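Here is how the chains run, residue by residue.
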Protein chains: 2
Amino acid sequence: MDAFGGDYAPLEVIKGAVAAAKELSDEIILVGKEDEIRSVLQSENVPEGLVSIRHAEEVIGTDEHPVAAIRAKKNSSLMVALKMVKDKEADAVVSAGNTGAYLAGAFRVLGRIKGVKRPALTAVMPTITDKISVILDVGANADCKPFQLVQFAHMGAIYAENVLGIKNPRVALLNIGAEEAKGNALTKETYALLKETKLNFIGNVEPRNVLLGEADVIVSDGFTGNVVIKSIEGTAGALFKMLKEVFYKNLGTKLAAGVLKPGLKTVKNKLDYSEYGGVPLLGVDGVVFKSHGTADAKTIKNAILVANDYYKAGITEKIKELVATEQDDSAEETEMA
Amino acid sequence: MDAFGGDYAPLEVIKGAVAAAKELSDEIILVGKEDEIRSVLQSENVPEGLVSIRHAEEVIGTDEHPVAAIRAKKNSSLMVALKMVKDKEADAVVSAGNTGAYLAGAFRVLGRIKGVKRPALTAVMPTITDKISVILDVGANADCKPFQLVQFAHMGAIYAENVLGIKNPRVALLNIGAEEAKGNALTKETYALLKETKLNFIGNVEPRNVLLGEADVIVSDGFTGNVVIKSIEGTAGALFKMLKEVFYKNLGTKLAAGVLKPGLKTVKNKLDYSEYGGVPLLGVDGVVFKSHGTADAKTIKNAILVANDYYKAGITEKIKELVATEQDDSAEETEMA
């Protein structure tokens with residue numbers, strides 16, 4: 001656990017890691033400035049030996065230039081934590097820090113799984129149904145090629161099946177129309193390729209239906225995927241802001257809002273994807289989870305738990321098997337075309 | 001007015017046109033099957049002479065293939081209405097019908113303003129402030145080049161200034177990060193070009209901030225713009241669906257919801273962009289307004305009123321002046337580059 005990544009690091013991160021350690025039998029290693037970590041553990045009355053510490057002197061800030069930061073700060077909590085996975089001193093890494101630096105660092109330190117063209121940042125989306133959906137890529141690759149999206153689809157399906165327990169997940173392409181002929185050059189070509197795979201491809205899903213739970217895995221280039229999750233987040237935020245004004249208008253509305261509070265809280269939590277803790281960078285050679293920059297202790301705890309599930313489900317190995325077999329042919333062919 | 005376009009045509013369309021005719025001194029011509037229009041006017045007790053009728057035998061359905069439909073149905077209400085603008089028998093056209101057919105028909109019948117590379121469908125977005133924002137393109141061009149986005153910016157600024165009355169409108173580029181270096185190849189190149197214009201360019205706006213009113217004009221390729229407005233629409237819809245469940249849970253919540261109803265209604269209306277009636281296709285040589293497929297009478301009325309404002313503000317002429325002067329140089333240079 002990168003103890004110094006995220007807006008509320010190190011306090012909330014350490015508290016979250018401690019909460020996770022209480023639920024798991026596995027060792028949790030906090031990476032960062034040892035004396036600061038020790039002082040937090042002490043003030044929180046954490047029993048000796050519940051978590052381990054690995055010292056790392058430097059910290060990469062949220063606003064630092066990703067590539068410059070990972071070059072300059074080899075002893076940062078983020079880079080040291082990644083290195084530990086590379087050196088098999090840790091099985092998974094979680095950070096709520098600088099996304100760009102984390103992605104760039106993961107590429108550099110761990111590298112891609114052989115055969116994977118581009119790793120993809122993978123978000124878990126709430127829906128109005130009981131199910132959740134997986135959407136990828138949501139920001140690791142702003143410009144994508146069709147065969148990369150096909151790989152994202154495969155990796156997303158493996159994730160949905162093995163971590164979320166969804167049998168034969170329904171895979172859809174994010175597009176601006178339901179029909180096959182709709183979209184831009186990228187989505188049209190990707191549609192044609194997805195039809196040829198063995199995936200349970202159900203066609204296009206429109207942005208307005210993302211929250212309806214029509215698909216288990218939603219595939220997109222990183223630019224569009226990021227636009228969708230940020231639009232949803234922004235709209236929910238703006239709406240709750242406006243609702244708050246309605247609720248606080250006068251005594252009558254305040255009392256009424258009080259009655260509705262438990263239900264409203266449930267709705268808010270459901271749309272808050274940080275509730276799901278963290279999301280994996282699928283396709284790198286190691287278990288790399290990203291938690292939200294604004295993660296609090298609860299979010300960090302959830303991120304560690306889900307990273308643990310992911311590691312135990314052997315997703316990295318499953319992706320390796322996949323690219324070693326059926327995927328290779330079609331991807332290579334497309335690349336040459 | 002294309003009387004046979006939209007899910008609730010012809011009844012709601014005719015009622016909307018009649019409502020607009022009562023507010024305007026200008027002539028409103030309903031285009032479509034004359035006998036059906038007459039029978040609606042009669043059953044609605046519309047005074048003789050309040051609206052005119054132009055007969056058109058055919059109707060283009062929502063699900064018809066755009067290009068095939070406009071080729072096959074030259075006598076459709078949609079094509080006849082467009083032709084009337086071309087022939088100066090009408091000053092503006094409004095339709096709630098098949099978007100693709102309408103766009104394709106407008107290109108074919110009216111053509112582009114000379115110098116405009118691509119016309120752009122332009123939406124008006126509500127914000128949590130008192131202001132509204134203009135966003136374009138939201139679906140006419142799925143694949144765009146940087147210089148096209150620069151033209152969209154210019155056309156959007158003319159619209160915001162002359163129709164919405166926003167002086168020196170703040171123009172922003174829709175992007176997945178606030179910093180200049182963020183985004184995909186298209187946004188990075190567009191950012192560099194926008195900096196060189198005389199527009200009041202304020203940089204990137206992130207999808208999560210679209211509803212905050214940070215910019216007056218938001219520029220995007222048609223794919224991403226469509227994704228954003230549909231994501232916002234979908235999220236608001238899903239949220240209100242979930243809220244409804246909270247409100248109808250039991251007698252207590254129903255009573256509480258009753259107290260909050262007026263305020264909630266205001267919020268819902270604010271986020272419902274169909275409240276703004278219709279949006280122009282900027283860059284075609286004529287005034288072409290698109291209303292939502294689900295438009296009811298009120299929406300149609302608003303669409304006609306805003307199309308009328310737009311016509312009277314002489315936007316088409318202003319765009320012609322613009323492309324004739326400063327715009328030409330930079331656009332041509334970029335195209336050759």
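Just so we're clear, the structure is a prediction, and the values are computed from it rather than from any experiment.

1. Quick look at the pairing of strand β6 (residues 170-174) of chain A
All names here are of chain A.
Phase 1 of the analysis: Burial analysis of β6 places four of its five residues in the buried class, which makes it a mostly covered element.
Phase 2 of the analysis: In the sheet, β6 pairs with strand β7 (residues 200-205) via five bridges, with the strands oriented parallel. Across the sheet, Arg 170 pairs through a bridge with Asn 200, a residue of β7.
Phase 3 of the analysis: Considered for its hand, the β-α-β crossover made up of β6, helix α7 (residues 185-195) and β7 is right-handed.
Phase 4 of the analysis: Bridging between β6 and strand β8 (residues 217-219) involves three bridges; their strand directions are parallel. Looking at the pairing, Val 171 lines up with Val 217 of β8.

2. Points about the packing of helix α1 (residues 11-23) of chain B against helix α2 (residues 34-43) of chain B
All names here are of chain B.
Phase 1 of the analysis: At a closest axis distance of 10 Å, the pairing of α1 and α2 adopts a crossing angle of 60 degrees. What the angle tells us is that α1 and α2 run oblique. Judged by the sense of rotation from one axis to the other, the crossing of α1 with α2 is right-handed. Where α1 approaches α2, its residues Leu 11, Ile 14 and Val 18 are matched on the opposing element by Ile 37, Val 40 and Leu 41.
Phase 2 of the analysis: Residues that form the contact of α1 with α2 fall into these classes: six nonpolar, no polar and no charged.

3. With respect to the relation of the copies chain A and chain B
Phase 1 of the analysis: After a rotation of 180 degrees and a shift along the axis of 0.0 Å, chain A superposes on chain B with an RMSD of 0.0 Å. Taken together, the rotation and translation relating the two chain copies correspond to the operation of a two-fold axis. If distances are taken from each C-alpha of chain A to the rotation axis, the shortest is found for A:Ala256, at 2.1 Å.
Phase 2 of the analysis: Most of the interface of chain A is mirrored in chain B, where 100% of its interface residues are also at the interface.

4. A closer look at the sheet that holds strand β9 (residues 278-282) of chain A
Residue and element names in this part refer to chain A.
Phase 1 of the analysis: Taken in spatial order, the eight strands line up as β3-β10-β9-β4-β5-β8-β6-β7 in an open sheet, and their pairing is mixed. Lying at the two open borders of the sheet, with one neighbouring strand each, are β3 (92-95) and β7. Neighbour-to-neighbour, the strand axes of the sheet open up by a mean angle of 30 degrees, direction not taken into account.

5. Considering unusual backbone geometry
Among all residues save glycine, negative phi is the norm, and among peptide bonds the norm is trans.
Phase 1 of the analysis: Along the chain, A:Leu136 connects to A:Asp137 via a cis peptide bond; the corresponding omega equals -5 degrees.
Phase 2 of the analysis: If you trace the backbone, A:Asp137 turns up in the loop between β5 (132-136) and α6 (146-162).
Phase 3 of the analysis: Its identity is not glycine, yet B:Lys88 carries a phi of approximately 60 degrees, on the positive side.
Phase 4 of the analysis: Residues other than glycine seldom take positive phi values, yet B:Asn168 does so here, at roughly 45 degrees.
Phase 5 of the analysis: With respect to the secondary-structure elements, B:Asn168 resides in the loop between α6 (146-162) and β6 (170-174).

6. Notes on the confidence of the model for chain A
Residues and elements named next belong to chain A.
Phase 1 of the analysis: Averaged over chain A, the pLDDT score is 90; the fraction of residues at 70 or greater is 95%.
Phase 2 of the analysis: Taken together, the stretch residues 331-337 has pLDDT below 50 and engages in seven contacts with residues farther than four places along the chain or on a different chain.
Phase 3 of the analysis: Here the prediction assigns the complex a pTM of 0.88, and the interface score ipTM is 0.86.

7. Some points on the sheet that holds β6(B)
Paired through their backbone hydrogen bonds, the strands of a sheet run either parallel or antiparallel.
Residues and elements named next belong to chain B.
Phase 1 of the analysis: With mixed pairing, the eight strands of this open sheet are ordered in space as β3-β10-β9-β4-β5-β8-β6-β7. Each having just a single partner strand, β3 (92-95) and β7 (200-205) make up the two edges of the open sheet. On average, each strand axis in the sheet is tilted by 30 degrees relative to the strand beside it, whichever way the strands run.
Phase 2 of the analysis: For strand β9 (residues 278-282) and strand β10 (residues 287-291), the ladder comprises three bridges, and the chain directions are antiparallel. Bridged to Val 279 within β10 is Lys 290.
Phase 3 of the analysis: Sitting on the sheet, α6 is in contact with β4 (120-126), β5 (132-136), β6, β8 (217-219), β9 and β10, with an inclination near 165 degrees to β8.

Rules used in this analysis
Residues numbered from 1 in each chain as written. Chains lettered and ligands numbered in written order. Predicted model: local features only at pLDDT ≥ 70, side-chain atom pairs only at ≥ 80, totals over all residues. Heavy atoms only, no water. Buried < 20%, exposed > 50% of the residue type's maximum accessible area, 1.4 Å probe, protein only. Helix = DSSP H or I, 4+ residues; strand = E, 2+ residues; numbered from the N terminus. Pairing = 2+ DSSP bridges. Right-handed = clockwise from strand over helix to strand, strands pointing away. Axes fitted to C-alpha atoms, helices over the stretch in contact; angles between N-to-C directions. Parallel < 35°, antiparallel > 145°, perpendicular 65-115°, else oblique. Left-handed = near helix turned anticlockwise from the far one by under 90°. Contact = heavy atoms within 4.5 Å. Nonpolar A, V, L, I, M, F, W, Y, C, P; charged D, E, K, R; others polar. Least-squares fit on C-alpha atoms with pLDDT ≥ 70 in both. pLDDT = per-residue confidence, 0-100.

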